[in-house]
Amino acid sequence: MQVTKRNHYNPCFWTAHWNTDYDKCAIAGETTPDPRAQQVFALNVRVNNIFHRTVENVHYDKTFGIAEITPRTAKDFCRRNFPDKYAEFCQEMTRHPETLYLDFEPILTGLEQTPAYRVLLDVIVKQRV
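Residues numbered from 1 in each chain as written. Predicted model: local features only at pLDDT ≥ 70, side-chain atom pairs only at ≥ 80, totals over all residues. Heavy atoms only, no water.

Novice: Account for the nonpolar core, with residues named and values stated.
Specialist: Among the nonpolar cores identified, the biggest contains seven residues, and these are Cys 12, Ala 16, Tyr 22, Val 40, Ala 42, Val 55 and Val 58. With sequence-adjacent residues up to four places away left out, Cys 12 is seen in contact with Pro 35, Arg 36, Val 55 and Glu 56. (Core = buried A, V, L, I, M, F, W, Y, C linked by side-chain atoms within 4.5 Å. Buried < 20%, exposed > 50% of the residue type's maximum accessible area, 1.4 Å probe, protein only. Contact = heavy atoms within 4.5 Å.)

Novice: Help me get a handle on the pairing of strand E2 (residues 39-44), residues and values and all.
Specialist: Sheet topology note: the E2/strand E3 (residues 49-54) ladder contains six bridges and is antiparallel. Across the sheet, the residue bridging to Asn 44 is Asn 49, located in E3. Linking E2 to E3, which pair antiparallel, is a turn of four residues; within it Asn 48 sits at a positive phi near 50°. (Pairing = 2+ DSSP bridges. Helix = DSSP H or I, 4+ residues; strand = E, 2+ residues; numbered from the N terminus.)

Novice: Please set out the pattern of salt bridges residue by residue, giving values where relevant.
Specialist: When their charged atoms lie close together, side chains carrying opposite charge are able to pair. By the definition in use, this model includes five salt bridges. We note a salt bridge from Arg 72 to Asp 76, for which the minimum N-O separation is 3.4 Å. In this pair, Arg 72 and Asp 76 both sit in helix H3 (residues 71-81), four residues apart, roughly one turn of the helix. Residue Asp 122 pairs with Arg 118 through a salt bridge whose shortest N-O separation is 3.3 Å. (Salt bridge = Lys/Arg side-chain N within 4 Å of Asp/Glu carboxyl O.)

Without other data, these values stay purely geometric and don't point to any function.
Here it is in structure tokens:
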């Protein structure tokens with residue numbers, strides 16, 4: 001399994017609509033090109049400058065979607081949310097004390113395949129909710 005290193009906090013399929021040509025194609029119901037390859041203008045706050053970038057290279061963070069789950073944090077979560085199971089959980093953790101890493105990108109990708117995202121794209125095409 002490969003862990004995602006760059007997670008977009010604004011999905012590329014959405015940010016691509018900042019490109020007016022891409023947006024016009026979508027509104028007209030035409031086939032749109034690859035969203036990640038769309039060129040948009042983006043502000044780089046650190047250097048206070050606007051750059052022409054592909055959507056793939058804006059609104060992402062390195063390792064943004066990787067959650068580290070240590071035995072201590074797992075126990076804290078259990079104690080807060082399932083106090084009646086805490087002792088049993090701690091006992092189980094002695095047999096499996098590993099730190100786990102959860103890559104959140106597959107969950108975000110799965111959400112993008114749901115009907116809710118299709119509704120977002122329909123809002124763009126209809127230009128109203």
